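# Summary of structural features
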Amino acid sequence: MKTLYRQFTVATLFILAISILIGFTIANIFYITVTKEETIEQNVGIAQEIVATVQNVPYSDEGFDGYMQAVAKLGYQIALVDSSGNMKFFGEPFDDTSFPDEAERVLTENGTYTGLDSFTDQIFMIGHFTNELHNTVGVPFERNGENYGLFIRPDTKLLGTDIHSVLIGFVVAIGLVSIIGMIWLARQLTRPIVQLTEATKHIARENYNYPLDIQRNDEIGQLSESFNLMQTQLKQNDLARKSFISNVSHDFQSPLMNIQGYADLLKSPDLPDDDRLAYTSIIDQEAKRLSSLTRQLLLLTSLDQGAYPMKTEEFQLDEQLKAVVRKYRWRLEEQDIHLSYSLAPVLFRGDAELLDNVWDNLLTNAIKYNKPDGNIEIALQSHDDKITVSFKDSGAGIPEHAIPQLFDRFYRGDAARKKDGTGLGLSIVEQIITLHHGHIEVNSNVGEGSEFILTLPHPDMIQT
Ligand code: ADP
């Protein structure tokens, strides 16, 4: 596998190599256009000064040689050529002493020789450092009536001063520090990615407790924060899923056990009629509970899928509420509950079948959790920008601490455990109201009763 770390290191070294190449090319262009000419002029100038001195001062042969040696010590390689081609050298020896043809003109035509100009075939500025007689500047001079040529070049070894060593050290240090720095940076960048990869593997194995401790203030830090957030969310979802399965299994298991138990008892041939009737009615109740549980679960699942196919239609909301009340008239009478309503005529646009579930749930709760001889008030009001539907009962009320959990799946209040129910009703109500872009509020006082207020938006509603 091509690791990110390796790619980063290779890319860095490649960039370094390219920058050296570009830097060298720019330096070379600068040398060819500016430095080279200046160097030639400077060297010719020095050679002419040497020549002027030896021509003006009548040195003896020893004095002349001594002078040349002194000049060579100052950092020059010197070749002295007479008209017969005899050569005499001062300073560091040349690697190649072959006399270039172009240099003849110094002796024959009194001209100047600039060897560097002839190094056009050399790559870049390397010619500048070639230790050959070829690579010199030559000027003519006369001494004791004889023509000579003086050929000099700066001795690059001697010219390598302390400052050059310092500069080379500086450049090498920069190079080394950059390479080490880049490698360190690559490691810093790739380490959290490796950690993240490891963490995703743990999540794939449903381990949501893998500690991912990346403390950084950059994008990788943000990524790790989001990852931790996702891990927490997945953990919660996993817990919710497990508790949902366990609740569903439990809620199916208990009515099934009751049905099985009472069905066994019914098999007894000498069972009194009263008992038989009581057992049959329990089996009937439990079967109804199972059926309602399945119906609610199916509804919740289809709502959960997000893309519930809403069958939007126009209908009289007040009429729908009246129909729900009519449906439960017998239960109200049975429990001596007094119901009153005030319903403004509202032509609503929405899914009538889903909303029927909402009113059904709210009304059955208001009956179920009411006290005997209690009251229920239903109000439908139409405002400029919204409509509100409220169900108010005079039941046991809901303790404040329970209100935040009221809409959770399978949540059932302590008092509710004695009554039949699934704990799914209000979560279905909330989902349906959200689908209709509305919201639900609860006001409740323990011992006094509760009020569920639904607000639905105006745009989907046409008033009559
Ligand atoms: P359930 O099937 O238990 O009625 P719901 O989701 O409809 O499930 O309600 C959840 C819980 O909210 C109930 O168990 C009950 O404790 C409480 N609750 C709902 N409506 C009322 C109400 N009108 N008065 C008092 N408590 C209520």
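Residues numbered from 1 in each chain as written. Predicted model: local features only at pLDDT ≥ 70, side-chain atom pairs only at ≥ 80, totals over all residues. Heavy atoms only, no water.

## Digging into the overall build of the protein
Where we set the bar: A helix here means a DSSP run of H or I that spans at least four residues, while a strand means a run of E at least two residues long, and both kinds are numbered starting from the N terminus. Both definitions apply: the radius of gyration is a C-alpha atom measure, and the globule rule equals 2.2 Å times residues to the power 0.38. The cut-offs for exposure are 20% and 50% of the maximum accessible area for each residue type, with area from a 1.4 Å probe on protein chains only; residues under the lower value are buried, those over the upper are exposed, and the others partly exposed.
Helix and strand counts for the protein stand at 11 helices and 13 strands. Computed over its C-alpha atoms, the radius of gyration of the protein comes to 51 Å, more than 25% above the 23 Å expected for a compact globule of 464 residues. Referenced to the eigenvectors of the C-alpha coordinate spread, the extents of the protein come out at roughly 155 × 60 × 35 Å. Per-residue burial for the protein yields a buried fraction of 36% across its 464 residues.

## A short note on the site of the ligand
What counts is decided by this rule: Distances are taken per atom, and a residue is near a molecule or strand as soon as one of its heavy atoms is within 4 Å of it. N or O atoms within 3.5 Å of each other form a polar contact, as long as, within protein, one can give a hydrogen and the other can take it, and as long as residues adjacent in sequence are counted only when both atoms are side-chain atoms. Note on areas: Shrake-Rupley, 1.4 Å probe, and residue coverage restricted to the protein chains presented here.
Taken together, 19 residues form the shell around the ligand, and within it Asn365, Tyr369, Asp393, Thr422 and Leu426 come nearest. Asp393 places a side-chain nitrogen or oxygen 2.9 Å from a nitrogen atom of the ligand. For the ligand, an oxygen atom lies 2.9 Å from a polar atom in the backbone of Gly423. Summarising the interface, the protein chains cover 96% of the accessible area of the ligand, which totals 530 Å² for the free molecule.

## Remarks on the UniProt feature "transmembrane region" (unreviewed entry) in the protein
For clarity, the threshold we go by: UniProt positions are given in the numbering used here, feature names are shortened, and annotations may be inferred rather than shown by experiment.
This chain's UniProt record puts "transmembrane region" (unreviewed entry) on residues 12-34 and 163-186. A helix fraction of 100% and a strand fraction of 0% characterise residues 12-34, whose end C-alpha atoms lie 32 Å from each other. Taken as a whole, residues 163-186 contains 100% helix and 0% strand, while its terminal C-alpha atoms sit 34 Å from one another.

## With respect to the UniProt feature "domain: HAMP" (unreviewed entry) in the protein
The feature "domain: HAMP" (unreviewed entry), as annotated in UniProt, sits at residues 187-239 in this numbering. Helix makes up 74% of residues 187-239 and strand 0%, with an end-to-end C-alpha separation of 37 Å.

## As for the sheet that holds strand 3 (residues 113-114)
We apply this condition: Note on pairing: DSSP must find at least two bridges between two strands before they are called paired. In what follows, a contact means two residues having at least one pair of non-hydrogen atoms within 4.5 Å. To get an axis, a line is fitted to the C-alpha atoms, and for a helix only the part in contact is used. The angle between two axes follows their N-to-C directions and goes from 0 to 180 degrees.
Across the sheet, which stays open at both edges, the 5 strands sit in the order 2-1-5-4-3 with antiparallel pairing between neighbours. Each edge of the sheet is formed by a strand with only one pairing partner; in this case those strands are strand 2 (87-90) and strand 3. Bridge count for strand 4 (residues 137-143) against strand 5 (residues 146-154) is 7 bridges, and the pairing is antiparallel. Counted as the bridge partner of Val137 is Ile152 from strand 5. Lying on the sheet, helix 1 (residues 4-56) is in contact with strand 1 (76-82), strand 3, strand 4 and strand 5; it crosses strand 4 at an angle near 10°. Of the strands in this sheet, strand 1, strand 2, strand 4 and strand 5 touch helix 2 (residues 61-73), which is tilted by about 145° from strand 1.

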